[in-house]
Amino acid sequence: MTTDGLALATRGLQKRYGSRPALAGLDLSVPTGVVYGFLGPNGAGKTTTMRLLTGLIHPDAGSIEVLGRPFGRRDRHRLFEVGALIESPSFYPYLNGRENLRALAATGAPVSGARIEELLELVGLRDRAKDKVQTYSLGMKQRLGIAAALLSDPRLLLLDEPANGLDPAGIVAMRETLRHLASTGKTVFVSSHVLGEVQQLADVIGIIAAGRLVREGPIGELLHGEGEVRVRVAADQVEPARTILGGLATPDAVSDGADGDGWLAVRIGAGRAADVNRALAGAGIFASGLESGSDLESLFLELTQGDGSGGHEGTFFGVAGGSR
Amino acid sequence: MRIFVASLRKLVRRPASFVILGILIGLLSLILIAVAATASQPDAPPGQRAGLLLVTFPGAYTSILSFILGLGGLFAVIYGAAIAGSEWSWGTLKSAVARGESRSRYQLLSFAAIALMIGVGVLIAFGAGIVVAVIGANIAGVSTDGLSDAETLGTIPELLGRGWLATVEVGALGFAIATLARSQLAGIGAGIAFFFGEQFATIFLSDVVKYMPFNAANAVVATPGEGGFSDGGGGPVISSLEPNEALVVVVAWLVGSLLVATLFTERAEISG
């Protein structure tokens, strides 16, 4: 498999903690210059992946390519072009924000003093830069963590739950910053549980469950292809409608809608609402309600919490809990 | 070099640096003044009067240094453990590694900064000890003529150098223990346990314990046969290594501790 044009690629990545597999052959393909949303339930292997990508831990099998070149135990210099915020931000509590950035800047790729000031301004911490980090709120630490990840002006940015603790204004500012970075050709890899945030932010998403990738692609395409049409019919017409809708998609794609009696939901492209209406009308069934659409949450739940009927190859359902 | 300077800046700003030095100087001062005040009483028994030797120069120089190495050794192991352990507990080592920094270089240069801080601490404590001893001598009415004893003064740089190396060695031990424990508190706890465990073991294994890190550190500057003050004032008298022999053992412990810490960090899976 070619990895040309990819900022980040993993092939068959495996990692075990004792007898428990955390990653069971992860194949990620992160294009250059996009915001990539990395999603998965607790314990799916997101943080393990982030640790592997930053050399904190090492894979049992498989390979990683960072910025087009192999990344192994002896390739730490490749991280000079990578910025990362893994799990919670890590700082010396007795140092102030500026001193913490200076301390971190002494490691890895060289960083100028001007860059530190620029980043403090960017994350809105210039006024609090002289205060000890132990007096910072969670959101302020998170902002400082994002500044730390940006220290080396990285070509690839790895962020684990970057919106964690940020207030709404902070989330908007972060989103704009990350979008701006992607527009300049940098690649932003964001692991998050906040699906709505990822939906607004990401160009491409990858969803993992039980240590494997279950879906990956441009978010627009995935949501379009994974849409749902909900239709309401008279109570005595539910069963005939179910048969008709099953013919449009597959019988197991039709389910009772969550909105109450008479609602049916069919997993079908969101753009096919008219087809649904036409098919029902053709059979003399007139819908009293018709809704179409899709969201990341539906897709995520379908891929990670379903009963196996989704029919996606490689999908692991019933994911074990407990994160590492 | 960037890491060394940054580590030094971190240590200078770190409250533990001042707290530990302050406690060491405070205890040293308290003991010297208390000994001087009580030993100079006219009705003091002969044994107590012997305490005046602690504030009588030039012998006070080695007494002060022995105290610094004895109790200071305990503080150094705590200090080394606190610094190394916090890198894991606070996740700052993780951040450095994720930036592509060499694990070994980060650890070794961080420890080099600790070693320099210990050296500065030993010098400050020694200077403070001399001042307090002079005050104690004045309280006790003891002459301070020996303060400028040329022969003794000539040996002080070497004694300080040896003392610094010995204190650095136990600092390295704390550094290694906390690295293995990956925790500040666990490292400090294990370091303290090691210190007292070694003192306790002298009862049963004196021939072996003289090669252990704290006893070897004390022996580096001890005059043959000396016991009491160098182990904090209460340790049992044991057979000690000759100073030069102890120096070799101290260097071995220092190198071994740093090797363990570095190799472990190099191979560790970093999480949290």
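All figures in this text were calculated on a predicted structure; none of them were measured in a lab. (Residues numbered from 1 in each chain as written. Chains lettered and ligands numbered in written order. Predicted model: local features only at pLDDT ≥ 70, side-chain atom pairs only at ≥ 80, totals over all residues.)

Student: Can you lay out the packing of helix α8 (residues 238–248) of chain A against helix α9 (residues 273–282) of chain A for me, pointing to particular residues and giving the numbers?
Tutor: Residue and element names in this part refer to chain A. In contact at an axis separation of 10 Å, α8 and α9 are set at 135° when each is read in the N-to-C sense. Of the possible angle classes, the one that applies to α8 and α9 is oblique. Between α8 and α9 lies a crossing whose hand is right-handed. When α8 is examined against α9, the residues Ala241, Ile244, Leu245 and Leu248 are found in contact with a partner set consisting of Asp275, Val276, Ala279 and Leu280. Residues that form the contact of α8 with α9 fall into these classes: seven nonpolar, no polar and one charged. (Axes fitted to C-alpha atoms, helices over the stretch in contact; angles between N-to-C directions. Helix = DSSP H or I, 4+ residues; strand = E, 2+ residues; numbered from the N terminus. Parallel < 35°, antiparallel > 145°, perpendicular 65-115°, else oblique. Left-handed = near helix turned anticlockwise from the far one by under 90°. Contact = placed C-beta atoms within 7 Å. Nonpolar A, V, L, I, M, F, W, Y, C, P; charged D, E, K, R; others polar.)

Student: Give a detailed account of the sheet that holds strand β9 (residues 204–209) of chain A, specifying residues and quantitative values.
Tutor: Residue and element names in this part refer to chain A. Pairing within the open sheet is mixed, and its six strands lie in the order β6-β7-β8-β3-β9-β10. With one partner strand each, in any of the chains shown, β6 (82–85) and β10 (212–218) form the two edges of the open sheet. Strand-to-strand twist across the sheet, computed as the mean angle between neighbouring axes with direction ignored, equals 15°. Here strand β7 (residues 156–160) pairs with strand β8 (residues 187–191) via five bridges, running parallel. Bridge pairing in β8 places Asp160 opposite Ser191. The strands touched by helix α1 (residues 46–53) are β3 (35–39), β7, β8 and β9; relative to β7, the strand with the most contacts, the crossing angle is about 145°. Set on the sheet, helix α4 (residues 138–149) makes contact with β6 and β7; between it and β6 the angle comes to about 165°. (Pairing = 2+ DSSP bridges.)

Student: Lay out the confidence of the model for chain B in plain terms, naming residues and giving numbers.
Tutor: Within chain B, residue pLDDT values average 88, and 93% of them lie at 70 or more. Across residues 224–237 of chain B the pLDDT falls below 50, and counting only partners more than four positions away or on other chains, this stretch makes 21 contacts in the model. (pLDDT = per-residue confidence, 0-100.)

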